[in-house]
Amino acid sequence: EDVAEGQHLFDPGHQLRPSDLGLIKSIAVDTVEVFQRPTVSVIPTGEELVQSDPKPGEIIETNGQTVSQYVERWGGEPTYRDVVTDDEEALATAIECDLDHDLLVTTGGSSVGERDLLPAVVEELGEVVVHGVALKPGHPVAFGRIEDTPILMLPGYPVATIVNAVQLLRPALKRLAHLPATAPPTTEARLDRKIASEIGTRSFVRVTLDTDGDDPTATPTRASGSGVLSSVALSDGWVVVPEDTEGFDAGRTVAVEHWEWSQ
């Protein structure tokens, strides 16, 4: 009375849920063919980074840990590596050791400063396809390929890392995992303060939401620097200002993206 003989149940690409697995087991099917979770090597870089007890001039490493947890949430299987210092030989060795992964992700060292060595290292080992995108925060991101392995080089500022991860790493992982790249949920809200943005750059403005009344309001966070991690962790989402728009005026209704709650 449940499943008819010859009945079609699931199409290829369907993400199996607990109830699906129960149904499959109930018809005495022991195994199903599935796509493997993509393997992702996450390599934090920077001579100033430590895992705990920072001394003067040192910073606790958070980008690699954060990215690794997002990789797992978005369908990948992360390998969180130890911090690699800003040395070309050390960076090349760390990258070459993980070319058996489906994707490499590095954090830090992707800009154009004296210690930003990763693009040059990747160019030496393979090729850099893109270096720099019109996102704020997150401009100095880079993408390359070494042999058959793609590598995404995320910037070192924590907020820029997260923006780039959501916009670039998440859809790449979904494609590798054969999962649908669904859009994050949104809330329509009225801005209670003006948002300024630079023409030619797509901006991601962190906001907090007040939904107590009938008219939800969005308040841009005061701390907007790309190094202020709390401005993401303590926000309710962000408002995306398109590259052809010079900000939004106060009172405008905007869509607040709850990217943190999306799988």
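A brief report on the enclosed structure follows. Predicted model, so just to flag it, every value in this text is computed and none were measured.

What about the overall build of the protein?
And then number 1: Helix and strand counts for the protein stand at 6 helices and 14 strands.
And then number 2: Summarising its shape, the C-alpha atoms of the protein cover approximately 65 × 55 × 40 Å along the three principal directions.
And then number 3: Counting over 263 residues, the protein shows a buried share of 40%.
And then number 4: Contacts in the protein between residues at least 24 apart in sequence constitute 66% of all its contacts with a sequence separation of at least 6.
And then number 5: Accessible surface for the protein amounts to roughly 14600 Å². Of this, 48% is attributable to carbon and sulfur atoms.

Some details on the nonpolar core
And then number 1: Ranked by internal contacts, the top residues of the largest apolar core, which has 23 residues, are Val105 and Leu169.
And then number 2: For this core, the secondary structure elements donating two or more residues are strand 1 (39-44), helix 2 (63-73), strand 5 (103-107), strand 9 (149-154) and helix 5 (158-176).
And then number 3: Counting residues per element, this core draws most heavily on helix 5, which supplies 7 residues.
And then number 4: Aside from chain neighbours lying at most four places away, what touches leucine 169 is Val67, Val71, Trp74, Leu103, Val105, Leu152 and Asn164.
And then number 5: The next biggest cluster of nonpolar side chains, apart from the first, holds 16 residues, and it includes Val84, Ala92, Val122 and Ile146.

Quick look at the environment of glutamine 36
And then number 1: Following the sequence through the fold, glutamine 36 ends up in the loop between helix 1 (18-26) and strand 1.
And then number 2: When the C-alpha positions of glutamine 36 and glycine 109 are compared, they lie 31 Å apart, and in sequence the two are 73 residues distant.

Structural notes on the layout of surface pockets
And then number 1: Of the volumes computed, that of the largest pocket is approximately 790 Å³.
And then number 2: Lining the largest pocket are 28 residues; nearest its centre among them are His14, Gln15, Leu16, Val34 and Phe35.
And then number 3: Glu48, Gly108, Gly109, Gly156 and Tyr157 are, among the 26 residues lining the second largest pocket, the residues nearest its centre.
And then number 4: Those elements that provide at least two residues to the lining of the second largest pocket are strand 3 (59-60) and helix 5.
And then number 5: Here the residues of the lining of the second largest pocket sort into 9 nonpolar, 12 polar and 5 charged.

Here's the deal with the packing of aromatic side chains
And then number 1: On inspection of all chains with the given rule, the structure shows 4 aromatic pairs.
And then number 2: Aromatic rings pair up to connect Tyr70, Trp74, Phe204, Trp238 and Trp259 into one cluster.

As for the side chain of aspartate 98
And then number 1: Along the polypeptide, aspartate 98 turns up in the loop between helix 3 (88-97) and strand 5.
And then number 2: In contact with aspartate 98, not counting residues within four places along its chain, are Ser41, Ile43, Arg81 and Leu104.

Comments concerning the pairing of strand 11 (residues 202-210)
And then number 1: Judged from the 2 bridges that link them, strand 7 (residues 135-136) and strand 11 form a sheet pairing that is parallel. When the bridges of strand 11 are listed, leucine 135 appears paired with arginine 202.
And then number 2: Where strand 11 and strand 13 (residues 237-241) come together, 5 bridges link them in antiparallel fashion. In the sheet register, valine 207 faces strand 13, and the bridge partner there is glycine 237.
And then number 3: In this structure, strand 11 lies alongside strand 12 (residues 217-220), joined through 4 bridges in antiparallel fashion. Looking at the pairing, aspartate 210 lines up with threonine 217 of strand 12.
And then number 4: What sits between the antiparallel neighbours strand 11 and strand 12 is a turn of 6 residues.

Focus on the environment of leucine 191
And then number 1: With respect to the element layout, leucine 191 can be found in strand 10 (residues 186-191).
And then number 2: Each C-alpha atom of the pair leucine 191 and aspartate 249 lies 7.5 Å from the other, and the pair is 58 residues apart in sequence.
And then number 3: In this structure, leucine 191 is in contact with Ala218, Pro220, Phe248, Asp249, Ala250, Gly251, Arg252 and Val254, ignoring residues within four places of it in sequence.

What to know about the pairing of strand 14 (residues 253-257)
And then number 1: Residues Val254 and Val256 line the buried face of strand 14, whereas the alternating positions Thr253, Ala255 and Glu257 sit on a face that is not buried.
And then number 2: Sheet analysis places strand 10 next to strand 14, joined by 5 bridges and oriented antiparallel. Its bridge partner lying in strand 14, alanine 189 is registered against valine 254.
And then number 3: Pairing analysis gives 2 bridges linking strand 13 to strand 14, with the strands arranged antiparallel. Across the sheet, the residue bridging to valine 239 is valine 256, located in strand 14.

Observations regarding the pattern of salt bridges
And then number 1: Across all of its chains, the model carries 6 salt bridges by this definition.
And then number 2: A salt bridge links arginine 73 to glutamate 260, with the nearest nitrogen and oxygen atoms 3.3 Å apart. In this pair, arginine 73 is assigned in helix 2 and glutamate 260 in the segment after strand 14, connecting sequence segments 187 residues apart.
And then number 3: Among the ionic pairs, glutamate 127 bridges to arginine 145, the shortest N-O distance being 2.4 Å. Of this pair, glutamate 127 sits in strand 6 (residues 127-131) while arginine 145 sits in strand 8 (residues 142-146), placing them 18 residues apart in sequence.
And then number 4: Its relative accessible area of 32% is what places glutamate 127 among the partly exposed residues.
And then number 5: The partly exposed category is assigned to arginine 145, whose relative accessible area is 38%.

What counts, and where the lines are drawn
- Throughout this document, residue positions are counted from 1 along each chain, in the order its sequence is written.
- Side-chain atom pairs in this predicted model are given and counted only at pLDDT of 80 or more, local residue features only at pLDDT of at least 70, and totals for whole chains, interfaces and linings cover all residues.
- Excluded from the side-chain calculation are hydrogens and water; included are all heavy atoms of the structure.
- Put simply, DSSP marks the helices as runs of H or I at least four residues long and the strands as runs of E at least two long, and each gets a number from the N terminus on.
- Buried means the residue's accessible area, taken with a 1.4 Å probe over protein chains only, is under 20% of the maximum for its type, while exposed means over 50%, and partly exposed covers the values in between.
- Contacts are residue-level and defined by heavy atoms, with any inter-residue pair within 4.5 Å sufficient.
- Per-residue accessibility takes into account occlusion by the displayed protein chains alone, with areas from the Shrake-Rupley method and a 1.4 Å probe.
- Definition used in this section: a nonpolar core is a set of buried Ala, Val, Leu, Ile, Met, Phe, Trp, Tyr and Cys residues joined via side-chain atoms within 4.5 Å.
- Only protein atoms enter the 1 Å grid used here, on which a cavity is any set of points holding a 1.4 Å probe that cannot leave and a pocket is any open set flanked by protein within 12 Å on both sides along at least five of seven lines; residues with an atom within 4 Å of a point are listed as lining.
- Grid points are joined across faces, edges and corners, and a volume is the space filled by probe spheres set on the points.
- We call Asp, Glu, Lys and Arg charged. Ala, Val, Leu, Ile, Met, Phe, Trp, Tyr, Cys and Pro are nonpolar, and the rest, Gly among them, are polar.
- Two aromatic rings, drawn from Phe, Tyr or Trp (for Trp, its six-membered ring), form a pair once their centres lie within 6.5 Å of each other, and the interplanar angle then sorts them: stacked below 30 degrees, edge-to-face above 60, tilted otherwise.
- By definition, two strands form a pair when at least two bridges between them are found by DSSP.
- By convention in these notes, a salt bridge is any Lys or Arg side-chain nitrogen within 4 Å of a carboxyl oxygen on Asp or Glu.

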